[in-house]
Structures are given as structure tokens and as C-alpha cells.
Amino acid sequence: PEKIRQSLKEEGITHLLINRSELERLQNTYGYNAGEKTISLEEIRLLEKSVLKRVDAWENQADNGGNLVLFECLPPLDRPSRR
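Residues numbered from 1 in each chain as written. Predicted model: local features only at pLDDT ≥ 70, side-chain atom pairs only at ≥ 80, totals over all residues. Heavy atoms only, no water.

Asker: How do you make sense of the overall build of the protein when you look at a structure like this?
Answerer: Assigned secondary structure in the protein consists of three helices and three strands. For the protein, the sequential pattern of α-helices and β-strands runs α-β-α-α-β-β. The proportion of buried residues among the 83 residues of the protein is 20%. Pairs at least 24 residues apart make up 56% of the contacts formed inside the protein by residues separated by at least 6 positions. (Helix = DSSP H or I, 4+ residues; strand = E, 2+ residues; numbered from the N terminus. Buried < 20%, exposed > 50% of the residue type's maximum accessible area, 1.4 Å probe, protein only. Contact = heavy atoms within 4.5 Å.)

The structure is reproduced here in C-alpha cells:
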């Protein structure tokens, strides 16, 4: 998880908006896999425990009720220097 936190910080990413319904549809219908930057719903659930903080969630009426979730990306942990 710490490597993911650092990577998000380096990319300048502070928030993620995820349409869970659309992501699930793409994965189930087309076997969606866009390379190494692809993330599954299961991975999102795991990241919620240590990397992402849920900020808000709502139903997107324009997308047939897709479940949109806004996450804040938590900054890397400050580690004390070893001597």
C-alpha cells in the first residue's frame, strides 16, 4: 500500500472518482483490462483500508443509476529516519 500511496503522490493524484457500476460492467462484459494501470473492484475495496478515504458517494442518474464514489488519496506515511 505504501508504494501505491507514493506513486499517486508522484503522479499528482489527490482524488479518484470511480463509477463502480461502469467498471463492473466493463470487466464483466468485455473482460476489461487496460494494462498495468487497471484496477478491479476488489482492489479498490482493499485500497479503501489503507490508501483511499471515501469522501462522498451518490447515484449518477445520467448513467442509469451508476454508483459514483469519490475517494481522497491518502499521502505517504512519514517514516522516521534510521540511524
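Asker: What am I meant to see in the nonpolar core here?
Answerer: Burial of nonpolar side chains together is a common tendency in soluble globular proteins. Core analysis: the biggest nonpolar cluster contains eleven residues, these being Leu8, Ile18, Leu23, Leu41, Ile44, Leu47, Val51, Leu52, Val69, Phe71 and Cys73. Listing elements by their share of this core, those giving two or more residues are helix H3 (41-47) and strand E3 (66-73). Not counting residues within four places of it along the chain, the set of residues in contact with Leu47 comprises Ile4, Ile39 and Leu52. (Core = buried A, V, L, I, M, F, W, Y, C linked by side-chain atoms within 4.5 Å.)

Asker: Would you explain the pattern of salt bridges in this entry?
Answerer: Think of it this way: side chains of opposite charge can pair up when their charged atoms draw near. The final tally for this structure, using the stated rule, is four salt bridges. The partner of Glu42 in a salt bridge is Arg45, and the shortest N-O contact between them spans 3.5 Å. With Glu42 and Arg45 both in helix H3, this residue pair falls three residues apart, about one helical turn. The exposure class of Glu42 is partly exposed, given its relative accessible area of 45%. Since its relative accessible area comes to 40%, Arg45 is described here as partly exposed. (Salt bridge = Lys/Arg side-chain N within 4 Å of Asp/Glu carboxyl O.)

Asker: Would you mind going over the environment of Ile18 with me for this structure?
Answerer: The residue Ile18 is located in strand E1 (residues 15-19) in this model. The buried category is assigned to Ile18, whose relative accessible area is 11%. For Ile18, the contacting residues outside a window of four places in its chain are Leu23, Ile44, Asn67, Leu68, Val69 and Phe71.

In short, geometric facts, not functional conclusions.
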